[in-house]
Amino acid sequence: MTDMLRITNGRVYDPANGVDGDVRDVIVVDGRIAAALPEGVRKGAVRTIDARGMIIMPGGVDIHCHIASASVNRARAMLGEEHATHVHAAKSLPDGPHPSPLPGGEGVRLRAGTGALTPSTFTTGYRYAALGYTTAIDAAVSPTGARQTHMELADTPNLDAAFLLLVGNHAKVLELLDADDEAGAIAFIGELLHRTGAYGIKIVNPGGVASWRSDATQHTVDSLDMRVAGLKRVTPRRILQLAAAAAEQLNLPHAPHVHCNRLGLPGNVETTLDSLAALDGRRVHLTHLQFHAYGKGDKDQITSSATRLTEYLDAHPLVSADVGQVMFGNAMTLSADTPLEHLLWKLAGKRATGRYVSIEGEMETGCGLMPIEYSDKHYLHSLQWAIGLELMLTAKDPWRMLLSTDHPNGGSFLTYPRIIASLMSRTIRDEQIKSAHPRAMQSCGLKDITREMTLGEIAIITRAGPARVLGMKHKGQLRPGADADITIYDEGLATGGDVQAMFESPRYVIKAGRVLVEDGELRDAADGVRMRSAVEAGEQGSRHVNEWFDQHGSYNVSQFGIRDEALRRMRTIEKE
């Protein structure tokens, strides 16, 4: 039986196809966008949604978040009190495997602006759907943690999902680089991607994490040419260049996802620009750019260097970034930059954990976690909040400066509507600036920015842009053949001046043609699809992986990775 849906009379924002507020129909046939309904369709066989007075966009795509993996589970354990006291909604959401439809056929009305920082798999999927998001990328998973991550993502309803694999400080990768065997290192990375069903590669504090393992006093690197402790030929520059070469040779749909050295330190914009220069002419995506956009003022005080980075991105079309917007309130720092987390713990003195997952995990990567509360009365926190907005508002090309909070590092993904409201209204920003630390506002350019983003630009930074940067041609747009992931908002809220409320409470959310949210209530739940890159097994890479497990593994290599039949069930994405 063919499932068909027609959405009529709504104003469509589909930037990937040049549609900017045109009133037109959107047709769905069997979970995909269609140019027209099949011929001979009988009357009554097609469900119609009259979207008069509403705004239609593709489903949201979160390019950078942390919603699964062993590290997220440790964060859930650390914040056990919020799970004990958190009320999911006026009616409780189901705790068990997500039913379809929801119990009793009744809807659940969710307020997107509230919720736990580290919600369960079920609640994560429900709340993303209630926000109008249908795709999410977990940005940092260790190779030996991949199997658990797949199980958690499979347990997360309503989201198509993928993850990026941490390889930049993997001991075997560095060993091969130190032996001047770049081809072997790329083959090893390719085999890890294939066996784990990962989407792309993540590089975190290249060389810095590995050096800290050898020398606990060294939590970062002084320059890209500083030798990694314990090795002869490996530097951060060499690791970055390897990542770019691997993405090219393995034909990955997404550029290497780079968390630069010296995150959060005064003057780190120089390191960020050096990293970009080292990869000039190659694809690269910089993560949570706000944390890498710092100048240095008197007495090493942090200042904003956002415009230096936006000018660089505007001039280099192969570079993209997500912002990592900081929002005032509670957050959870969660990062494979374990030496940074250790430093934060020493400075803050709060509860934290930096325990490695396993012996394999110790030689692949670590993960540190620490709760944090961002305050508008704090100089640095106010500046971080301002720099994120400054990056998005000064970038000339919104297709490559994308919205994220690096959930939960800068704040929850549930704060996206508040961020969007700030981007679209100078009046809202000015009110927020009045409450922020006054000296911080003098150290950045936010107060002088008059730009107000349009709905079309918001559709770019939350949908079309992330999908394009990720290489997902089937996401973030409403062309025929694309996935029928659609969000419909009440335009009256926006014209009435409450953009935040509009983005917090979509009228309809449709996933693969299936209506999940109707009249603002979550009515249904659907299984998501897991995606991986089209990297196949190779003899050289397989040999290196087998050798690695023989030497260092605490279990047999046959128990590592994802079974072939599970890989075949995943959606394979090829670079186009």
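None of these values were measured; they are calculated from a predicted model. (Residues numbered from 1 in each chain as written. Predicted model: local features only at pLDDT ≥ 70, side-chain atom pairs only at ≥ 80, totals over all residues. Heavy atoms only, no water.)

Caption draft 1: Looking closely at the overall build of the protein. Within the protein, the regular secondary structure consists of 21 helices and 23 strands. Classification of the 576 residues of the protein by burial places 62% in the buried group. Within the protein, contacts between residues at least 6 apart in sequence are counted, and of these 78% link residues at least 24 apart. For the protein, the computed accessible surface area is about 21200 Å², with 47% contributed by carbon and sulfur atoms. (Helix = DSSP H or I, 4+ residues; strand = E, 2+ residues; numbered from the N terminus. Buried < 20%, exposed > 50% of the residue type's maximum accessible area, 1.4 Å probe, protein only. Contact = heavy atoms within 4.5 Å. Areas by Shrake-Rupley, 256 points an atom, 1.4 Å probe, with all protein chains shown as cover.)

Caption draft 2: Summary view of unusual backbone geometry. With an omega of 0°, the peptide bond running from His407 to Pro408 counts as cis. Counting through the fold element by element, Pro408 comes out in the loop between strand E17 (401-402) and helix H14 (416-424). One non-glycine residue, Asn158, adopts positive backbone phi at about 75°. Along the polypeptide, Asn158 turns up in the loop between helix H4 (146-154) and strand E8 (160-166). One non-glycine residue with positive phi stands out, namely Asp180, at about 60°. Within the secondary structure layout, Asp180 lies in the loop between helix H5 (171-178) and helix H6 (182-196).

Caption draft 3: Spatial organisation of the pattern of salt bridges. What the rule picks out here adds up to 31 salt bridges. A salt bridge links Arg32 to Asp483; its shortest N-O distance comes to 3.4 Å. With Arg32 in strand E3 (residues 32-34) and Asp483 in the loop between helix H17 (455-470) and strand E18 (486-490), this residue pair connects regions lying 451 residues apart in the sequence. For Lys172, the salt bridge identified is with Glu175, shortest N-O distance 3.1 Å. You can see Lys172 and its partner Glu175 sitting in helix H5, 3 residues apart, about one turn around the helix. Under the relative-accessibility criterion, Glu175 is labelled partly exposed at 37%. A network of salt bridges, in which partner residues are shared, links Arg32, Asp160, Lys475, Asp483, Asp485, Lys511 and Arg571. (Salt bridge = Lys/Arg side-chain N within 4 Å of Asp/Glu carboxyl O.)

Caption draft 4: Focus on the confidence of the model for the protein. The predicted model of the protein has a mean per-residue pLDDT of 89, with 88% of residues at 70 or higher. Scored below 50 in pLDDT, residues 94-101 shows 21 contacts in the model against residues more than four places distant or in partner chains. (pLDDT = per-residue confidence, 0-100.)

Caption draft 5: Up close: helix H1 (residues 69-78). With 8 of its 10 residues buried, H1 lies for the most part within the structure. All of the buried residues in H1 are Ser69, Ala70, Ser71, Val72, Arg74, Ala75, Arg76 and Met78.

Caption draft 6: Structural detail: the packing of H6 against helix H20 (residues 539-552). Where H6 meets H20, the closest approach of the two axes is 7 Å, and the angle between their N-to-C directions is 80°. Judged by the inter-axis angle, H6 sits roughly perpendicular to H20. Contacts from Ala183, Gly184, Ala187, Phe188, Glu191, Leu192 and Arg195 of H6 reach H20 at Gln540, Gly541, Ser542, His544, Val545, Asn546 and Trp548. Here the contact of H6 with H20 is composed, by residue class, of 6 nonpolar, 6 polar and 2 charged. (Axes fitted to C-alpha atoms, helices over the stretch in contact; angles between N-to-C directions. Parallel < 35°, antiparallel > 145°, perpendicular 65-115°, else oblique. Nonpolar A, V, L, I, M, F, W, Y, C, P; charged D, E, K, R; others polar.)

Caption draft 7: Inspection of the packing of aromatic side chains at higher detail. This model, assessed by the stated rule, comprises 6 aromatic pairs. The interplanar angle of 10° and the centroid separation of 3.8 Å between the aromatic rings of Tyr128 and Phe413 together place this pair among those described as stacked. With Tyr128 in helix H3 (residues 121-131) and Phe413 in the loop between E17 and H14, the pair connects residues that are 285 residues apart, well separated along the chain. Relative accessible area serves as the criterion here: at 0%, Tyr128 is assigned to the buried category. Ring centres of Phe549 and Phe560 lie 4.8 Å apart, and the angle between their planes is 40°; this geometry places the pair in the tilted category. Taken as a pair, Phe549 in helix H20 and Phe560 in the loop between H20 and helix H21 (564-569) lie far apart in primary sequence, 11 residues in all. The same class applies to Phe549 as to Phe560, namely buried. Across the ring face of Tyr133, the terminal group of Arg463 is positioned such that the distance to the ring centre comes to 5.8 Å. (Phe/Tyr/Trp six-rings, centres within 6.5 Å; stacked < 30°, edge-to-face > 60°. Lys NZ or Arg CZ within 6 Å of the ring centre and 35° of its normal.)

Caption draft 8: Local environment of H3. Most of H3 is tucked away, with 11 of its 11 residues classed as buried. All of the buried residues along H3 are Thr121, Phe122, Thr123, Thr124, Gly125, Tyr126, Arg127, Tyr128, Ala129, Ala130 and Leu131.

Caption draft 9: Fine view of the packing of H5 against helix H8 (residues 236-249). Interaxial distance between H5 and H8 falls to 11 Å at its minimum, and their mutual angle equals 105°. Between H5 and H8, the interaxial angle falls into the category roughly perpendicular. Taking contact as the criterion, the partners of Val173, Leu174 and Leu177 in H5 are, on H8, Arg238, Ile239 and Leu242. A class-by-class count of the residues in the contact of H5 with H8 yields 5 nonpolar, no polar and 1 charged.

Caption draft 10: Examining the side chain of Gln290 more closely. Checked against the element boundaries, Gln290 lands in the loop between strand E11 (284-286) and strand E12 (294-296). Using a relative accessible area of 0% as the deciding quantity, one classes Gln290 as buried. Side chain to side chain, Gln290 and Tyr294 meet in a polar contact 2.5 Å long. Residues contacting Gln290, with those up to four places away along its chain left out, are Val323, Gly324, Val326, Gln384, Ile387, Gly388 and Leu391. (Polar contact = N/O pair within 3.5 Å; in protein donor to acceptor, adjacent residues only side chain to side chain.)

Caption draft 11: Up close: the pairing of strand E15 (residues 329-335). With respect to burial, E15 is a largely interior element, 5 of its 7 residues being buried. As defined by bridge partners, E15 adjoins strand E16 (residues 368-374) across 7 bridges and the pair is classed as antiparallel. When the sheet's bridge partners are listed, Leu334 is paired in E16 with Leu369. (Pairing = 2+ DSSP bridges.)

Caption draft 12: Representation of the pairing of E18 in the model. E18 sits mainly inside the fold: 4 of its 5 residues count as buried. Direction of pairing for strand E5 (residues 54-58) relative to E18: antiparallel, over a ladder of 5 bridges. Note that in E18 the partner of Met57 across the bridge is Thr487. Of the strand pairs in this sheet, E18 and strand E19 (residues 508-511) are connected by 3 bridges, and their pairing is antiparallel. Looking across to E19, one finds that Thr487 is bridged to Val509.

Caption draft 13: Broad picture of the nonpolar core. Judged by nonpolar contacts, the single largest core of 115 residues is most densely connected at Met392 and Phe503. A total of 9 residues in this core trace back to one element, the largest contributor, which is helix H13 (residues 379-394). Not counting residues within four places of it along the chain, the set of residues in contact with Phe503 comprises Met57, Leu131, Pro417, Ile420, Met424, Leu455, Ile458 and Tyr489. (Core = buried A, V, L, I, M, F, W, Y, C linked by side-chain atoms within 4.5 Å.)

Caption draft 14: Representation of the sheet that holds strand E14 (residues 319-322). Judged by pairing direction, the sheet is parallel, and its 8 strands sit side by side in the order E6-E7-E8-E9-E10-E11-E14-E17 without closing on themselves. Only two strands of the sheet have a single neighbouring strand rather than two, namely strand E6 (60-65) and E17. Note that strand E9 (residues 200-204) and strand E10 (residues 257-259) share 3 bridges and pair parallel. Across the sheet, the residue bridging to Val204 is His259, located in E10. Where H17 meets the sheet, it contacts E6, strand E7 (133-141), E11, E14 and E17, and its direction lies at approximately 65° from that of E6.

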